[in-house]
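# Remarks on the overall topology
Okay, here's what each chain looks like letter by letter:
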Amino acid sequence: MMLTTTARPSPETGAPGRLSPGVRRITLDAAGIPLSALLSEPADGRPARATVVALHGGGMRAGYFDGQAHPDVSLLTLGARLGCAVLALDRPGYGASAPYLPAGQSLPEQAETVRAALADARERQVSAPLFLLAHSFGGKLALALAADAPPGTFIGLDVSGCGHRPAASAGLLGRSTASGLRRLNWGPLRLYPAGTFRESGAVVAPMPRREVESAVEWDTLSARLLARVRVPVRFTFAEHEAWWRHDDADLADLAAQFSAAPRVLVDRLPAAGHNVSLGSAARAYHLRALAFLDECLDAGDRAAAR
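Report on the accompanying structure. These numbers come from a predicted model, not from an experiment.

Rules used throughout
By convention here, each chain's residues receive numbers from 1 onward along its written sequence. Totals for whole chains, interfaces and linings use all residues, but because this is a predicted model, local features are given only for residues with pLDDT of at least 70 and pairs of side-chain atoms are given and counted only at 80 or more. Working from all heavy atoms in the structure, the side-chain values ignore hydrogens and water. Counted as salt bridges are all cases of a side-chain nitrogen of Lys or Arg within 4 Å of a carboxyl oxygen of Asp or Glu. Accessibility here uses a 1.4 Å probe with only protein chains present; expressed as a share of the type maximum, an area under 20% marks a residue as buried, one over 50% as exposed, and anything in between as partly exposed. Counting from the N terminus, the helices are DSSP H or I runs at least four residues long and the strands are E runs at least two residues long. Whether two strands pair depends on DSSP finding at least two bridges between them. Given a helix with a known number of residues, its expected span is that number minus one, times 1.5 Å. Side-chain rings of Phe, Tyr and Trp (the six-membered ring for Trp) are treated as a pair once their centres are within 6.5 Å; stacked means planes under 30 degrees apart, edge-to-face means over 60, and tilted covers the remaining angles. When checking whether two residues touch, look at their non-hydrogen atoms; a contact exists if any pair is within 4.5 Å.

## Looking at the pattern of salt bridges
Oppositely charged side chains can form a pair if their charged atoms are brought close together. Evaluation of the coordinates by the stated rule reveals 19 salt bridges. Residues Asp120 and Arg124 are paired through a salt bridge, measuring 3.1 Å at the closest nitrogen-oxygen approach. Comparing Asp120 with Arg124 shows no difference in burial state: the two are buried. Linking Asp250 and Arg245 is a salt bridge whose minimum nitrogen-to-oxygen distance equals 3.1 Å. Put simply, Glu112, Arg115, Asp148 and Arg228 are held in one network by salt bridges that share partners.

Structure below.
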């Protein structure tokens with residue numbers, strides 16, 4: 001898979017930050033809107049077994065999946081070592097698209113924009129099966145994408161930091177000075193490698209206004225979307241997740257919402273806070289997510305052989 005910068009580059013907000021070896025910046029054309037992204041691919045020119053489409057949460061950027069505080073944190077490098085391509089998008093309203101969408105987009109609008117970007121990626125030889133891996137607000141976007149996707153578009157999705165029953169008010173989003181936000185977003189700071197917060201300036205970004213407004217509507221949107229997802233789904237809840245309710249009854253009810261999905265798994269991640277892909281438990285989470293991808297590939301192979 002070879003992706004190059006589009007002919008109409010656009011400035012990005014924030015410092016670009018460092019990248020792990022083998023990770024490069026690209027730009028996709030989403031029906032005239034540039035979406036910046038990070039891409040890693042298997043070494044030695046091997047074809048990718050699958051393409052992981054990674055979607056960051058609110059107030060973050062694609063670099064969330066390429067943490068620089070420790071070599072074990074990056075999903076992009078781990079995925080490539082295990083034979084997958086990883087395409088981490090700056091969601092609409094972040095990165096290259098921010099000047100075009102200064103107020104951001106609602107969740108349904110983001111889904112349309114990302115569909116167009118993935119269509120551009122497919123035209124550029126993204127031929128491997130697509131697997132969605134998403135965090136927080138990105139998880140809502142992944143569920144919206146999967147809910148309305150034609151059969152065969154995605155082989156599965158893995159979501160962290162997102163549920164269906166809030167434990168904190170969505171009205172706190174976008175308020176950088178709100179009391180308790182650090183606890184909600186990070187949990188205990190000891191759960192992150194040394195240097196995480198020094199490197200975070202290249203990862204965090206303002207949460208666009210329309211995205212904040214869309215987050216408040218998740219209760220209504222989720223009731224419509226979850227029942228339409230027809231691919232395997234896996235949820236992970238960090239031990240110190242504080243945005244979402246996740247006791248056993250909450251998680252059983254969440255799984256029950258997916259009436260059309262062939263398989264729904266719910267996992268817990270010890271010693272982790274909300275931003276699991278930047279924490280010391282990131283490698284454990286990423287390995288579990290990529291193992292689930294393998295299971296989705298195997299299930300697809302069995303179905304094709306019938």
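## Some remarks on helix α3 (residues 137-147)
Counting buried positions over the 11 residues of α3 gives 11, a clear majority of the element. For α3, every residue scored as buried is listed here: Phe137, Gly138, Gly139, Lys140, Leu141, Ala142, Leu143, Ala144, Leu145, Ala146 and Ala147.

## Focus: the pairing of strand β2 (residues 33-40)
Of all eight residues in β2, eight are buried; the element is thus mostly enclosed. Across the two faces of β2 the burial is the same, with Ile33, Leu35, Ala37 and Leu39 and Pro34, Ser36, Leu38 and Ser40 all buried. Pairing of strand β1 (residues 23-30) with β2 involves eight bridges; the strand directions are antiparallel. Following the sheet pairing, Arg25 is matched in β2 by Leu38. With antiparallel pairing between neighbouring strands as the criterion, β1 and β2 make up a hairpin whose turn holds two residues, including Ala31 at a positive phi of roughly 55°. Sheet topology places β2 next to strand β4 (residues 85-89); four bridges connect them, and they run antiparallel. Each residue of the ladder has a partner; that of Leu39, found in β4, is Leu87.

## Description of helix α2 (residues 107-123)
For α2, which comprises 17 residues, the first-to-last C-alpha distance of 25 Å matches the rise-based estimate of 24 Å (1.5 Å per residue) to within 8%. For α2, the complete set of buried residues consists of Leu107, Gln110, Ala111, Thr113, Val114, Ala117, Leu118, Asp120 and Ala121.

## Quick look at unusual backbone geometry
Negative phi is the rule for most residues except glycine; trans is the rule for most peptide bonds. Its identity as a non-glycine residue notwithstanding, Ser136 has a phi of 55°, on the positive side. In this structure, Ser136 sits in the loop between β5 (130-135) and α3. In this structure, Ala271 takes a positive phi of about 55° despite not being glycine. Within the fold, Ala271 resides in the loop between β8 (264-269) and α9 (282-305). Owing to a relative accessible area of 40%, Ala271 belongs among the partly exposed residues under this scheme.

## Things to note about the packing of aromatic side chains
How two aromatic rings sit relative to each other is set out by the distance from centre to centre and by the angle between their planes. Under the definition given, this model contains seven aromatic pairs. Ring geometry for Trp186 and Tyr192: centres 5.1 Å apart, planes at 75°, overall edge-to-face. Judged by its relative accessible area of 11%, Trp186 falls in the buried class. Among the aromatic residues, ring-to-ring pairing joins Trp186, Tyr192 and Phe197 into one connected group.

## A closer look at the environment of Leu101
With respect to the element layout, Leu101 can be found in the loop between β4 and α2. What makes Leu101 buried here is its relative accessible area of 12%. Along the backbone, Leu101 and Pro208 are 107 residues apart, and their C-alpha atoms lie at a distance of 8.7 Å. Setting aside its immediate chain neighbours within four residues, Leu101 contacts Ile33, Pro92 and Gly93.

Everything listed is a geometric property; what it means functionally is a separate question.
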